[in-house]
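Structure at a glance
Given next are the chains, with one letter for each unit.
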Amino acid sequence: MTKTLAVNAGSSSLKWQMYEMPEEKVIAKGLIERIGLKDSISTVKYNNQEDKQILDIQDHKKAVNILLDDLKRLQIVSDIKEITGLGHRVVAGGEFFKESTIATPEVLKKIEELSSYAPLHNPAEALVMRVFEEVLPEATSVAVFDTAFHTSLPAKAYRYPMPNKYYEKYGVRKYGAHGTSHMYVSAEAAKLLGKPLEETKIITAHIGNGGSITAVEAGKSVDTSMGFTPLGGIMMGTRSGELDPSVLPYIIEHDSELENAQDAIDMLNKESGLLGVSGISSDMRDIISNKETNPNAQLAFDMYIDRVKKYIGQYLAVMNGADALVFTAGIGENSIPFRAAVLDGLDWFGIKVDPEKNILGATGDISLPDSRVKILVIPTDEELVIARDIERLK
Ligand code: AMP
């Protein structure tokens, strides 16, 4: 029995989960939010208890130290050396990392070099890995890449129709994201379908604050909605998803608040999506509770649903049908109105939801018996995939 820590460092957050392996038992989990602000929040859940502290956590280095102190303070470990495995989610692995790998100094350097593909994430992730390495040099440290699952995309799906040099010289292509989640839920879906993964066609919809949809054929990602960066694809909480690139120079020229392309990209990443259209919130719950009275919230909801539906349609065409459509992540797992709206009007494709199964807390099959495509709700578990990868690579 060993203790393993799965770490998911975001641009201003650090999510973690501690396991006893190989039992895959979750001993504790936590989240440090608002890193860089004066009122950062660290929450630890363990033994049916919750510990919450408001602290001044200025950077990820301090966040790691707070986490390690908390583990001892709350007696989750008696010595941090009990942690023998560390796994880190890395957003951008480019074309170099096709699978999880031991985080050697060379791997860390490469992750930093790939920062231009995920400027908010990769530097924070590499920093967190280095801090852990200093404190726990004996532990096996593994990097798990969000992009790895999508390295199986065929060139026709990952290339953009631009002059070749942009791919060959600058690496401009579709890399996708949420790969760990799409891989996990598609494998779980095959189990629920009772079919070997190699014989399945599955559309996975990871719909949370960020969102992406993937076509998974024979267990391999063959197309995915996110693009060069996680800004592409469907509309999201604060991200626009795809739009005509000519919009960028036009708005920079006309809006004095935008000085350059980076300003415009920041606006598309942080002020757009549900938040931008509704003008009230990036949270789907707020959109749903306000849409009856607020036309902008209704429009935001309708646009969001429209984009998700279109990607489902695309991937039905890409794979010539599907055995299952999977909903996962915050919105996909929890929002009944979201799922109902997406599934409404897809019966022509053989997608038929059972309204009595599309209920709060639903997991597994929520489709009618005669639905040609099974509709599955599968809670994602990226941390478990990370913990399993640590075991595998130890
Ligand atoms: P994630 O990024 O997967 O953690 O998902 C976070 C998002 O899930 C939040 O921003 C909410 O919009 C959404 N969410 C969580 N629970 C619900 C719910 N019951 N109904 C609608 N949306 C939800």
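For the structure, check the block above.
Note that the structure is a prediction, hence the values are computed from the model and not measured. (Residues numbered from 1 in each chain as written. Predicted model: local features only at pLDDT ≥ 70, side-chain atom pairs only at ≥ 80, totals over all residues. Heavy atoms only, no water.)

A few words now on the overall build of the chain. Secondary structure assignment for the chain yields 14 helices and 14 strands. The C-alpha radius of gyration of the chain comes to 21 Å, within 12% of the 21 Å expected for a compact globule of 394 residues. Its C-alpha atoms put the chain at 60 × 55 × 45 Å along the principal axes. Counting across all 394 residues of the chain, residues that qualify as buried make up 51%. (Helix = DSSP H or I, 4+ residues; strand = E, 2+ residues; numbered from the N terminus. Rg over C-alpha atoms; globule rule 2.2 N^0.38 Å. Buried < 20%, exposed > 50% of the residue type's maximum accessible area, 1.4 Å probe, protein only.)

Within the structure, the ligand sits among Gly208, Asn209, Asp283, Met284, Arg285, Ala329, Gly330, Ile331, Asn334 and Ser335. For the ligand, whose unbound accessible area comes to 500 Å², protein coverage reaches 70%. Elements represented by at least two residues in the shell around the ligand include exactly helix H10 (284–290) and helix H12 (329–334). The greatest single-element share of the shell around the ligand, amounting to 4 residues, is contributed by H12. Along the lines of polarity and charge, the residues of the shell around the ligand split into 3 nonpolar, 5 polar and 2 charged. (Near = heavy atom within 4 Å. Areas by Shrake-Rupley, 256 points an atom, 1.4 Å probe, with all protein chains shown as cover. Nonpolar A, V, L, I, M, F, W, Y, C, P; charged D, E, K, R; others polar.)

A separate point is the pairing of strand E12 (residues 324–328). Counting buried positions over the 5 residues of E12 gives 5, a clear majority of the element. Burial along E12 is two-sided: the face carrying Ala324, Val326 and Thr328 and the face carrying Leu325 and Phe327 are both buried. The pairing of strand E9 (residues 201–207) with E12 spans 5 bridges and is parallel. Bridged to His206 within E12 is Thr328. The pairing of E12 with strand E14 (residues 374–377) spans 4 bridges and is classified as parallel. (Pairing = 2+ DSSP bridges.)

This paragraph deals with the packing of aromatic side chains. The geometry of an aromatic ring pair comes down to the distance between the two centres and the angle between the two planes. Within the structure shown, the criterion is met by 10 aromatic pairs. Note on Tyr158 and Tyr167: the rings are 5.8 Å apart at their centroids and 45° apart in plane angle, and the pair reads as tilted. In this pair, the class of Tyr158 matches that of Tyr167, namely buried. Taken together, Tyr117, Tyr175 and Phe228 form an aromatic cluster joined through their ring pairs. Taking the ring centre of Phe301 as reference, the NZ or CZ of Lys291 above it sits at 4.8 Å. (Phe/Tyr/Trp six-rings, centres within 6.5 Å; stacked < 30°, edge-to-face > 60°. Lys NZ or Arg CZ within 6 Å of the ring centre and 35° of its normal.)

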